[in-house]
Amino acid sequence: MSQSHPPTAIIIMFLSTLVFWQLLLLDAYPAATIGSNRWELLLPNFGCTAMHMQLLQNDRAIIFYRTHFGRSNLSLPNGKCRHDPKERVLKVDYTTYSLEYDVAKNTIRRLFI
């Protein structure tokens, strides 16, 4: 007498459904309509690592990094600096850790947040 294994049947049904939807979506959105399927370097260096990034509705992205890891490669504009006596690494810092990237213009703007 053979016993039924309900968990196995559920897994097979789930995988079959997943494959079905993947095939359906691949047919609905062929690769040619999605894009050129290649990476393109827009800027050689932001000067700041993107730890967090938020894409906005106006074709811009805000990029954040942490401040307690050392200086970034972007100086703050107009000689501004950040004074933080509680900071462990740099109590006075003239570099920025956040910026706005304009996708349409392919430019960056330094932010002081």
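A few points on the structure. (Residues numbered from 1 in each chain as written. Predicted model: local features only at pLDDT ≥ 70, side-chain atom pairs only at ≥ 80, totals over all residues. Heavy atoms only, no water.)

A short note on the overall build of the protein
Each helix and strand in the protein was counted, giving two helices and six strands. Counted from the first residue to the last, the protein has its helices and strands arranged as α-α-β-β-β-β-β-β. Within the protein, the proportion of its 113 residues that are buried is 21%. Long-range contacts, defined here as pairs at least 24 residues apart, represent 43% of the contacts in the protein between residues at least 6 apart. Of the roughly 9500 Å² of accessible surface on the protein, a fraction of 61% belongs to carbon and sulfur atoms. (Helix = DSSP H or I, 4+ residues; strand = E, 2+ residues; numbered from the N terminus. Buried < 20%, exposed > 50% of the residue type's maximum accessible area, 1.4 Å probe, protein only. Contact = heavy atoms within 4.5 Å. Areas by Shrake-Rupley, 256 points an atom, 1.4 Å probe, with all protein chains shown as cover.)

Considerations on the sheet that holds strand β1 (residues 52-55)
As summarised here, the arrangement of the four strands in space is β1-β2-β5-β6, forming an open sheet in which the pairing is antiparallel. Each edge of the open sheet is held by one strand with a lone partner, namely β1 and β6 (107-111). Adjacent strand axes in the sheet meet at a mean angle of 20°, parallel and antiparallel pairs treated alike. (Pairing = 2+ DSSP bridges. Axes fitted to C-alpha atoms, helices over the stretch in contact; angles between N-to-C directions.)

Quick look at the pattern of salt bridges
By the definition in use, this model includes five salt bridges. Where arginine 60 meets glutamate 100, a salt bridge forms, and the shortest distance between an N and an O atom there is 3.6 Å. In this pair, arginine 60 is assigned in strand β2 (residues 60-64) and glutamate 100 in strand β5 (residues 98-102), connecting sequence segments 40 residues apart. Among the residues examined, arginine 60 registers a relative accessible area of 26% and is labelled partly exposed. Its relative accessible area of 10% is what places glutamate 100 among the buried residues. (Salt bridge = Lys/Arg side-chain N within 4 Å of Asp/Glu carboxyl O.)

Some details on the nonpolar core
In this structure, Cys48, Ala61, Ile63, Tyr65, Leu74, Leu90, Tyr97, Leu99 and Tyr101 together form the largest nonpolar core, which totals nine residues. Contributions of two or more residues to this core are made by β2 and β5. Not counting residues up to four positions away in its chain, the partners in contact with isoleucine 63 are Phe46, Thr49, Ala50, His52, Met53, Tyr97, Ser98, Leu99 and Tyr101. (Core = buried A, V, L, I, M, F, W, Y, C linked by side-chain atoms within 4.5 Å.)

Quick look at unusual backbone geometry
In the Ramachandran plot, aspartate 59 falls in the positive-phi region, its phi being about 60° despite a non-glycine side chain. You can see aspartate 59 is positioned in the loop between β1 and β2. You will see that asparagine 106, though not glycine, has its phi angle at about 55°, which is positive.

Remarks on the side chain of serine 98
With respect to the secondary-structure elements, serine 98 resides in strand β5. Setting aside residues up to four positions removed in sequence, serine 98 forms contacts with Cys48, Ile63, Phe64, Arg110, Leu111 and Ile113.

Regarding a nonpolar patch on the surface
A surface patch of nonpolar side chains, about 400 Å² in accessible area, is lined by Ile11, Phe14, Leu15 and Leu18. Among the structural elements, phenylalanine 14 can be located in helix α1 (residues 6-28). By relative accessible area, which is 54% here, phenylalanine 14 ends up exposed. (Patch = residues over 30% accessible without salt bridge, like charges linked within 9 Å, V, L, I, M, F, W, Y side chains within 5 Å.)

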